[in-house]
Amino acid sequence: GSVRAFGAQRHRFPWDRQAVETIRAAIREDGVQLLHSHNMTAQQYAGLAARRTNVPHLYTQHGANRHHHGLKDRIRAFLLRRLTDRTVAVSHETAASMATVQRLPLGDIIVVPNGIDPHPHVPSNEIAALRAELGIADGDFVFGSVGRLAPVKGWDRFLPIFKDALPELARTLAVACSDIKLLLVGDGSCRPGIEEQARELGLGGNVVLAGYRPAPRA
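Enquirer: I keep staring at the pattern of salt bridges and nothing clicks. Help me out?
Expert: Any two side chains of opposite charge can pair, on the condition that their charged atoms come close. Applying the stated rule across the entire model yields 11 salt bridges. A salt bridge links R12 to D16; the shortest N-O distance between them is 3.2 Å. Using a relative accessible area of 40% as the deciding quantity, one classes R12 as partly exposed. Salt-bridge contacts for E21 lead to R24; the nearest nitrogen and oxygen are separated by 3.0 Å. Taken as a pair, E21 and R24 lie in helix α1 (residues 17–30) at a separation of three residues, close to a single helical turn. Judged by relative accessible area, which is 4%, R24 ranks as buried. Members of the salt-bridge network, linked through shared partners, are R4, E29 and D30.

Enquirer: How should I be thinking about helix α4 (residues 92–101) in this particular structure?
Expert: Think of an α-helix as turning once every 3.6 residues; residues three or four places apart then point the same way. Within the sequence span of α4, burial applies to T94, A95, S97, M98, A99 and V101. Contact partners of the buried residues in α4: β2 (57–61), α3 (71–80), β3 (86–89) and β4 (109–111). Phi for R103, located one or two positions after α4, is positive at around 60°.

Enquirer: Help me understand the side chain of Q102 in this model?
Expert: As for its placement among the helices and strands, Q102 is situated in the loop between α4 and β4. Side-chain polar atoms of Q102 contact the side chain of Q61, separated by 3.3 Å.

Enquirer: What am I meant to see in the sheet that holds β4 here?
Expert: Pairing between the strands of a sheet is mediated by backbone hydrogen bonds and can be parallel or antiparallel. An order of β1-β2-β3-β4 is seen for the four strands of this open sheet, with the pairing classed as parallel. A single partner strand is all that each edge strand has here, and the edge strands are β1 (35–38) and β4. Pairs of neighbouring strands in the sheet enclose a mean axial angle of 30°, with direction left out of account. In this structure, β2 lies alongside β3, joined through four bridges in parallel fashion. Paired with T60 across the two strands is V88, which belongs to β3. Set on the sheet, helix α2 (residues 40–50) makes contact with β1 and β2; between it and β1 the angle comes to about 155°. Contacts from α4 reach β2, β3 and β4, with the element oriented near 165° to β4.

Enquirer: How should I be thinking about the pairing of β3 in this particular structure?
Expert: Across three bridges, the pairing between β3 and β4 is parallel. From the neighbouring strand, V88 faces β4, where its bridge partner is I110.

About the thresholds
Residues numbered from 1 in each chain as written. Predicted model: local features only at pLDDT ≥ 70, side-chain atom pairs only at ≥ 80, totals over all residues. Heavy atoms only, no water. Salt bridge = Lys/Arg side-chain N within 4 Å of Asp/Glu carboxyl O. Buried < 20%, exposed > 50% of the residue type's maximum accessible area, 1.4 Å probe, protein only. Helix = DSSP H or I, 4+ residues; strand = E, 2+ residues; numbered from the N terminus. Contact = heavy atoms within 4.5 Å. Polar contact = N/O pair within 3.5 Å; in protein donor to acceptor, adjacent residues only side chain to side chain. Pairing = 2+ DSSP bridges. Axes fitted to C-alpha atoms, helices over the stretch in contact; angles between N-to-C directions.

See below:
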């Protein structure tokens, strides 16, 4: 199949009407049976486009986004309820945040956790090769995250906390501080800043940035 992509001039007030009409036309032309939006701006355009089409609109929020805390977005979230047939959150924490910040009834939010296989089978030789590539020794304690390196992830706030907690963590695990590795898989605009901050905090040997990986579960 093919993928159709549409852009919107988000600076237009109150919204880009042409973008709404373009999406609505695509719904009719492609026989769309369900419109699924992700995060608030997409929810707004999908909700407006779904009007007068009789196509149900499902909205998924992927986190307790701090950008939704402002008065304007709280009002917008309240109004968008009328343009949304079902609301999904990817975690109970996200649902609780939506109920508190956006004043959405908690009972109206369906929680569907992100689906992952927590115990994927990866051959031991592949793990050894990957550790060698990343400079991680067999006895190192590794923890981390898979995701884009964007400001919303808050790594600039986490790294100082990691530095302060490192000695106690090392004592608890009975390893040297140098044997504890924070592995970040992904790429983004914050990568240079994370690398520089890690060096400034003396964590250059503890923070490993693997970059974008097409198969991060491995």
